[in-house]
Amino acid sequence: MTGESSLATRGPGVHKPGRTGPAPEQIQAVPLRRPGRWCASAVLVFLLVFLIQGWAANPRMQWETVGEYLFAPAVLEGLRTTLLLTALAMSVGIVGGIVLAIMRMSPNPLLSRLGALYIWVFRGTPLLVQLLFWYFLSAVIPTIGLGIPWGPTFVEFETNALITQLTAAVLGLGLHEAAYMAEIVRAGITSVDEGQPEAAQALGMTRRQTLRRIVLPQALRMIIPPTGNQVISMLKTTSLVFAIAVPELLTSIQGIYSRNFQQVPLLTVACVWYLVATSVLNVGQYYLERRFERGTSRNLPPTMLQRLRKAIPAKAEKAVEQERPS
Amino acid sequence: MKTAESVVRAEGVHKSYGHVEVLKGIDLTVAPGEVMCLVGPSGSGKSTFLRCINHLETINAGRLYVGDQLIGYAERGGRIHEMRDKEIARQRRGIGMVFQRFNLFPHMTALQNVMEAPVQVKKRPKGEVREQARQLLDRVGLADKADSYPSQLSGGQQQRVAIARALAMQPELMLFDEPTSALDPELVGEVLDVMRGLAEAGMTMIVVTHEMGFAREVGDSFVFMDGGVVVESGDPRAVLAAPRHERTQAFLSKVL
Ligand SMILES: Nc1ncnc2c1ncn2[C@@H]1O[C@H](COP(=O)(O)OP(=O)(O)OP(=O)(O)O)[C@@H](O)[C@H]1O
Ligand SMILES: [Mg+2]
């Protein structure tokens, strides 16, 4: 068959103009042929199969070792710590980011300068240094007390007892993250049309109510996609805390291969878990974005399940159609 | 407390942005139930004046009263004091405003838009407010669109929701800033009909508009502004038929 581009018609369609006639025929165009695409795809698939085959069949990959350690208790414990660290650090980062963004946009010059100063310091120094700094805080400030400045102290703690490795890690990661989140939140807030707060205030809402009920919910739609990126990035950045010996995923993995010298299989185990976790986060991000898209577009994008369901019956229908004798 | 015989009273209202004086002494009064049409060329300060009335802008000189309350400032012991955010918000409750670009809250349905202020600001029970909001949407002819988001509505429908939203606070005064200028010609009528209904129900309204037909039929008074001052005012039919001032004549000859 030559690549004809006429409209193929289906059934004994009698063409009748006007609204009272049968439903208009759907256009069933014969697709264009694209030989270049086919060639490129074939070459790529061949290369991919070759690479994966070579990698998978390589005995030095020691896939049994990977399988053996994938669900090892120490690895799972490390994964749990990684997820916990990610959640805690991002919580600190998001709350801190909102506070900093509001500070920076405040009409009070002292507040806005302080916000800018914070962002300058925490964005301008390496995260690793900040982590180590929190970890070694007890060297500078041995005790932390609650009381009146220059007055009596009511309670006093050993810094070492208060700032454990985990708190140092959460503080280090979270406070650093807050500086980045502040810029994301600020961009989100400034993206809201200025007619929105005006309309809210004209209705008698206070500035706080306007921010909470009208501006922030709309800003969230702009804030969520980059925040999703930050979470995924944080998940991997947590591996930096090996420097202060918090037993997260990578630290546990290193602990194991320093004993059995199976570096490559164990690092593969780490990669598998990081990939699983980011995949789960991707799905979560999709649904969160979808939820906040309410009202912005006329049609919500389908959920992943809806997409699946749509794809399956379509195929089934086609199969039935082909079986039917014409 | 004496009852005010005017809903809005402006006495020598001045407003400038930096060195640019936009309002150069506006004097006018709006009586209860009056529909005042505010007309003038672009940049004459119509929007600015409306925004001063509900304190979206702060005036620099003169006095502006809504009812018997000074707007935007508190007068205590012969001195003018700045107002707290809360007090300003309280004053705005009784003044509804409808914007040229609707400014509906896009993340809420039509019904939620209408319910937002009574629930959040007046703290009224949700069930009761929902009932009232449905009635208001019915009144503007949108009972069947209660659960639609603004993006799913036409411009005319959005503007009618915006009117219902302002009415939900049961204001004594409604401000309209060119409510039909952003609409396709065939949608203008449906919004003007709602406004005509409001006027007939006795609402006090200040309407900035270029719809001279509406001014003639519905307006009780007509104010022509140019360059930050009131040039001419009077009965709409009289002014439109025979404008006395030459600036009014020049403007009206262009829009009529
Ligand atoms: N925030 C501002 N800063 C400086 N100048 C302003 C500001 N807002 C308005 N102006 C100026 O004030 C003048 C009056 O503006 P206003 O919006 O009140 O005019 P208008 O009569 O409503 O015009 P239009 O019919 O185009 O809406 C204009 O010259 C405008 O440039
Ligand atoms: Mg204007």
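Values in this document were obtained by computation on a predicted structure and should not be read as measured data.

Here the focus is the overall build of chain B. When you go through chain B residue by residue, the secondary structure sums to nine helices and twelve strands. Taken over C-alpha atoms, the radius of gyration comes to 18 Å for chain B, in line with the 18 Å a tight globule of 256 residues would show. Taken over the C-alpha atoms alone, chain B extends approximately 50 × 50 × 35 Å along its principal axes. Here the analysis covers contacts within chain B between residues at least 6 apart in sequence; of these, 63% occur between residues at least 24 apart. Summed over its atoms, the accessible surface of chain B is roughly 11300 Å², and 46% of this surface lies on carbon and sulfur atoms. When the 31 basic and 32 acidic side-chain charges of chain B are each reduced to a single mean position, those positions are 6 Å apart.

Residues and elements named next belong to chain B. In this sheet, strand β7 (residues 79–82) lies alongside strand β6 (residues 73–76) in antiparallel orientation, the contact comprising four bridges. When the bridges of β7 are listed, Arg76 appears paired with Arg79. In this antiparallel pair of consecutive strands, β6 and β7, the connection spans two residues, and Gly77 shows a positive phi of 55°.

This next bit is on the pattern of salt bridges. The tally for this structure, following the rule as stated, stands at 17 salt bridges over all chains. Taking the shortest distance from any N to any O, the salt bridge between Arg9 of chain B and Glu11 of chain B comes out at 2.5 Å.

When the parts of a complex come together, some accessible area is lost, and that lost area is often used as the size of the interface. Each partner contributes residues to the interface: chain B has 30 residues there, and chain A has 24 residues. On the chain B side of the interface with chain A, the three residues burying the most area are Phe105, His107 and Ser151 of chain B, jointly 22% of the side's total. Applying the counting rule to chain B against chain A returns four salt bridges. For Arg207 of chain A, the salt bridge goes to Asp85 of chain B, with nearest N and O atoms at 3.8 Å. Counting across the chain B and chain A interface gives eight residue pairs in polar contact (both at pLDDT 80 or more). Among the elements of the structure, α2 (85–92), β8 (95–98), α3 (110–120) and α5 (155–167) of chain B are those that each provide at least two residues to the side of chain B that touches chain A. No other element matches the four residues that α2 of chain B contributes to the side of chain B that touches chain A. Broken down by class, the residue content of the side of chain B that touches chain A amounts to 15 nonpolar, six polar and nine charged.

Attention now moves to the packing of helix α8 (residues 165–190) of chain A against helix α10 (residues 207–237) of chain A. Residues and elements named next belong to chain A. The interhelical angle for the contact between α8 and α10, taken along N-to-C directions, is 150°, at an axis separation of 8 Å. As judged from the angle between their axes, α8 and α10 are roughly antiparallel. The crossing of α8 and α10 is right-handed. Between α8 and α10, the residues in contact are Leu173, Glu177, Tyr180, Met181, Ile184, Val185, Gly188 and Ile189 and Val215, Leu216, Ala219, Met222, Ile223, Pro226, Thr227, Gln230, Met234 and Thr237, respectively. Across the contact of α8 with α10, the residue classes tally to 13 nonpolar, four polar and one charged.

Residue and element names in this part refer to chain A. Here chain A averages 83 in pLDDT, while 84% of its residues score no lower than 70. Taken element by element, chain A is modelled with least confidence in strand β1 (residues 7–8), mean pLDDT 43, and with most confidence in helix α9 (residues 195–202), mean pLDDT 96. Scored below 50 in pLDDT, residues 1–18 makes 15 contacts in the model with residues more than four places away or belonging to other chains.

Time to look at the nonpolar core. Most often, soluble globular proteins have nonpolar side chains that are buried together. Among the nonpolar cores identified, the biggest contains 51 residues, and Leu137, Ile163, Met174, Phe176, Met195, Met205 and Phe222 of chain B are the most heavily contacted of them. Per element, the largest residue contribution to this core is eight residues, and it comes from helix α6 (residues 185–200) of chain B.

Turning our eyes to something else, we now look at the sheet that holds strand β5 (residues 69–70) of chain B. Residues and elements named next belong to chain B. Taken together, the four strands give an open sheet; going across it, the order is β2-β1-β4-β5, and neighbouring strands pair in antiparallel fashion. Among the strands making up the open sheet, the edge pair consists of β2 (20–30) and β5. The pairing of strand β1 (residues 8–17) with strand β4 (residues 61–66) spans five bridges and is classified as antiparallel. From the neighbouring strand, His14 faces β4, where its bridge partner is Ala61. Each of β1, β2 and β4 is contacted by helix α1 (residues 46–53), which is oriented at about 65° to β2, the strand it contacts most.

Before going further, it helps to spend a moment on the packing of helix α4 (residues 126–139) of chain B against α5 of chain B. All names here are of chain B. Packing of α4 against α5 brings their axes to within 9 Å, and their N-to-C directions diverge by 140°. One finds that α4 runs oblique with respect to α5. Both α4 and α5 take part in a crossing whose hand is right-handed. Seen from α4, the contacting residues are Leu136, Leu137 and Arg139; seen from α5, they are Val161, Ala164 and Leu167. Residues that form the contact of α4 with α5 fall into these classes: five nonpolar, no polar and one charged.

A grouping of Arg208 and Arg212 of chain A together with Lys86 and Lys123 of chain B is seen on the molecular surface, where their side chains present a positively charged patch. The topology assignment puts Arg208 of chain A in helix α10.

This part is about the pairing of strand β11 (residues 221–226) of chain B. Residues and elements named next belong to chain B. Of all six residues that make up β11, six are buried, and the element is covered over most of its length. Across the two faces of β11 the burial is the same, with Ser221, Val223 and Met225 and Phe222, Phe224 and Asp226 all buried. Relative to β11, strand β3 (residues 35–39) runs parallel, the two being bridged by four bridges. The partner of Val39 across the bridge, within β11, is Phe224. Where β11 folds back onto strand β12 (residues 229–234) in an antiparallel hairpin, the turn is made up of two residues, including Gly227, whose phi is positive at roughly 60°.

So, on to the site of ligand 1. Residue and element names in this part refer to chain B. Contacts to ligand 1 come from Tyr17, Val22, Pro41, Ser42, Gly43, Ser44, Gly45, Lys46, Ser47, Thr48 and Glu178. One of the side-chain N or O atoms of Ser42 is found 2.6 Å from an oxygen atom in ligand 1. At 3.1 Å from an oxygen atom of ligand 1 is found a side-chain nitrogen or oxygen belonging to Glu178. Protein burial of ligand 1: of its 630 Å² of free accessible surface, 57% is covered by the chains.

What follows is about empty space enclosed by the protein. Throughout the structure, instances matching the rule amount to one cavity of 30 Å³ or more. Each pocket or cavity is described by its volume, and for the largest cavity that value is around 40 Å³. Every residue lining the largest cavity is listed: Ala199, Ala202 and Leu203 of chain A together with Met97, Phe99, Ala162, Arg165 and Ala166 of chain B. For the lining of the largest cavity, the secondary structure elements donating two or more residues are α9 of chain A together with α5 of chain B. The element that contributes the greatest number of residues to the lining of the largest cavity is α5 of chain B, accounting for three residues.

We now examine the layout of surface pockets. Considered as a void within the structure, the largest pocket measures approximately 910 Å³ in volume. Taken together, 30 residues make up the lining of the largest pocket; nearest its centre are Pro107, Gln201, Arg207 and Arg208 of chain A together with Asp85 of chain B. At five residues, α10 of chain A tops the list of elements feeding residues into the lining of the largest pocket. As a volume, the second largest pocket reaches approximately 760 Å³. Of all elements in the fold, only α10 and α12 (263–292) of chain A together with α3 of chain B reach the threshold of two or more residues within the lining of the second largest pocket. With six residues, the top contributor of residues to the lining of the second largest pocket is α10 of chain A.

About the cut-offs
Residues numbered from 1 in each chain as written. Chains lettered and ligands numbered in written order. Predicted model: local features only at pLDDT ≥ 70, side-chain atom pairs only at ≥ 80, totals over all residues. Heavy atoms only, no water. Helix = DSSP H or I, 4+ residues; strand = E, 2+ residues; numbered from the N terminus. Rg over C-alpha atoms; globule rule 2.2 N^0.38 Å. Contact = heavy atoms within 4.5 Å. Areas by Shrake-Rupley, 256 points an atom, 1.4 Å probe, with all protein chains shown as cover. Lys, Arg positive; Asp, Glu negative; His and termini not counted. Charge placed at Lys NZ, Arg CZ, Asp CG, Glu CD. Pairing = 2+ DSSP bridges. Salt bridge = Lys/Arg side-chain N within 4 Å of Asp/Glu carboxyl O. Buried area = accessible area lost by both parts, 1.4 Å probe. Polar contact = N/O pair within 3.5 Å; in protein donor to acceptor, adjacent residues only side chain to side chain. Nonpolar A, V, L, I, M, F, W, Y, C, P; charged D, E, K, R; others polar. Axes fitted to C-alpha atoms, helices over the stretch in contact; angles between N-to-C directions. Parallel < 35°, antiparallel > 145°, perpendicular 65-115°, else oblique. Left-handed = near helix turned anticlockwise from the far one by under 90°. pLDDT = per-residue confidence, 0-100. Core = buried A, V, L, I, M, F, W, Y, C linked by side-chain atoms within 4.5 Å. Buried < 20%, exposed > 50% of the residue type's maximum accessible area, 1.4 Å probe, protein only. Patch = residues over 30% accessible without salt bridge, like charges linked within 9 Å, V, L, I, M, F, W, Y side chains within 5 Å. Near = heavy atom within 4 Å. 1 Å grid on protein atoms, 1.4 Å probe; cavity = no way out; pocket = protein on both sides within 12 Å on 5 of 7 lines; lining within 4 Å. Points joined across faces, edges and corners; volume = space filled by probe spheres on them.

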